[in-house]
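Summary of structural features
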Amino acid sequence: MKTIQSIFNFSSKKKTILTLGTFDGVHLGHKSILDKLTKGTNNGEYEAVVLTFFPHPRMVLQQDVAIKLLNTIDEKATLLENYGIDTLIIHPFDTAFSNLSAEEFVKDILVDQLNIHKIIIGYDHRFGKNRTADINDLIAFGEKCDFEVAQIGAEEIDKIAISSTKIRKALLEGDVKLANQYLGYSYFISGKVIEGKKIGRTIGFPTANIEINENYKLLPKNGVYVVSSTINNVVYFGMMNIGNNPTIGDNEQTIEVHFFELHQDIYGENIQISILKHIREEQKFSNIDELKIQLEHDKAFSQNYLKNLI
């Protein structure tokens, strides 16, 4: 899959079959749309293209800095690559783009720049400045400019919206099992391993502190989780704490992973942590010894859970 930054960097000798959207989570609800896209290429005659935007349009139009997304833009690209898409276009969304008229968007972008043969779009999709045009306008443009419009029905769009809402809600409640069922994969976070206060190693539980730069990435609720990560092509299991370390007296939220069998130095590496199960809420203990006893219980629980999983 080619990943292209900006519509204006795209060129292809082939006509394209295209779908566009945020595709947040790239979950099971999105699968049928992406399958339609890749199966509609007529064995490679057309190029399968996904158009998405970054920043999220709500961040620009509503200045909604509080929005939380299931994927960072890089995570989304990784997930979409699994679907056999030819090209992912990540277009910078700004006010200038939002001010394109419906006709400019269709003729200048879809027809002239993206060489469109067919677009797969939701029945409720609106586009153009102030979102004044709808699916009927798009169909009319298609007849005029010689491209097809395939509608995604209400039931399918509702399924996608419900899935995304349920995934977010489940993660915020610590219900990883339900979230992963809707996703079709284990929810994951990506970040850089940085140095922490190294308190964990003094009690036999050294941790990798994960720094996530994207403040729009949704984190599950504070607590302890069973996790896995592939590092240098080897899968390692462990347990992760998301929280404020109340026993230590910290206020800043941290993400710390204790790997059971990892003994190498991974400072500075970017890793992906898959979240498998919620173990317990974050707790404040009277002292470090009580915390250590609880961590031993958490480790035993995690390893027992993994025995039945692997």
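The structure we're discussing is the one just above.
Summary of the structure given here. (Residues numbered from 1 in each chain as written. Predicted model: local features only at pLDDT ≥ 70, side-chain atom pairs only at ≥ 80, totals over all residues. Heavy atoms only, no water.)

**Here's the deal with helix H3 (residues 73-80)**
Here is the rule: The classification of residues rests on relative accessible area computed with a 1.4 Å probe and restricted to protein chains. Under 20% of the type maximum is buried, over 50% is exposed, and intermediate values are partly exposed. Put simply, DSSP marks the helices as runs of H or I at least four residues long and the strands as runs of E at least two long, and each gets a number from the N terminus on.
H3 sits mainly inside the fold: 6 of its 8 residues count as buried. For H3, every residue scored as buried is listed here: Ile73, Glu75, Lys76, Ala77, Leu79 and Leu80.

**Considering the sheet that holds strand S10 (residues 234-243)**
Selection rule: Pairing between strands is defined by DSSP: at least two bridges between them are needed. Structural elements are reduced to axes, namely lines fitted to C-alpha atoms, with helices fitted over the stretch in contact, and the angle between N-to-C directions of any two is expressed from 0 to 180 degrees. Should any heavy atoms of two residues lie within 4.5 Å, those residues are considered in contact.
Taken together, 6 strands build a closed barrel; the order of strands is S7-S8-S11-S10-S9-S12 and the barrel is antiparallel. Across this sheet, the average inter-strand angle for adjacent strands is 45°, counted without regard to direction. Both strand S7 (residues 188-194) and strand S12 (residues 270-280) contribute to a ladder of 5 bridges, which runs antiparallel. Note that in S12 the partner of Ser190 across the bridge is Gln272. Relative to the sheet, helix H8 (residues 176-183) contacts strand S9 (223-231) and S12, its axis offset from that of S12 by approximately 130°. Along the sheet face, helix H9 (residues 288-309) touches S9, S10, strand S11 (254-259) and S12 and points at about 100° away from the line of S12.

**Structural notes on the pattern of salt bridges**
Any two side chains of opposite charge can pair, on the condition that their charged atoms come close. Applicable threshold: Salt bridges are identified by distance alone: a Lys or Arg side-chain nitrogen within 4 Å of an Asp or Glu carboxyl oxygen.
Throughout the structure, instances matching the rule amount to 9 salt bridges. One salt bridge in this structure joins Glu47 and Lys2, with 3.4 Å as the shortest N-O distance. Highlighted residues: Glu47 in strand S3 (residues 47-54) and Lys2 in strand S1 (residues 2-5), separated in sequence by 45 residues. Overall, the relative accessible area of 6% leaves Glu47 in the buried class.

**Some remarks on the pairing of strand S2 (residues 16-20)**
Note the cut-off: Every crossover in which the path from the first strand over the helix to the second runs clockwise, viewed with the strands pointing away from the viewer, is termed right-handed.
Extensive coverage of S2 is indicated by the burial of 5 of its 5 residues. Two elements, S2 and S3, share 5 bridges in a ladder whose sense is parallel. Along S3, the bridge assignment pairs Thr16 with Glu47. After leaving S2, the chain enters helix H1 (residues 28-39) and then returns to the sheet as S3, a path that is right-handed. Note that S2 and strand S5 (residues 116-122) share 4 bridges and pair parallel. Residue Leu18 lies in a different strand from S5, and its bridge partner there is Ile119.

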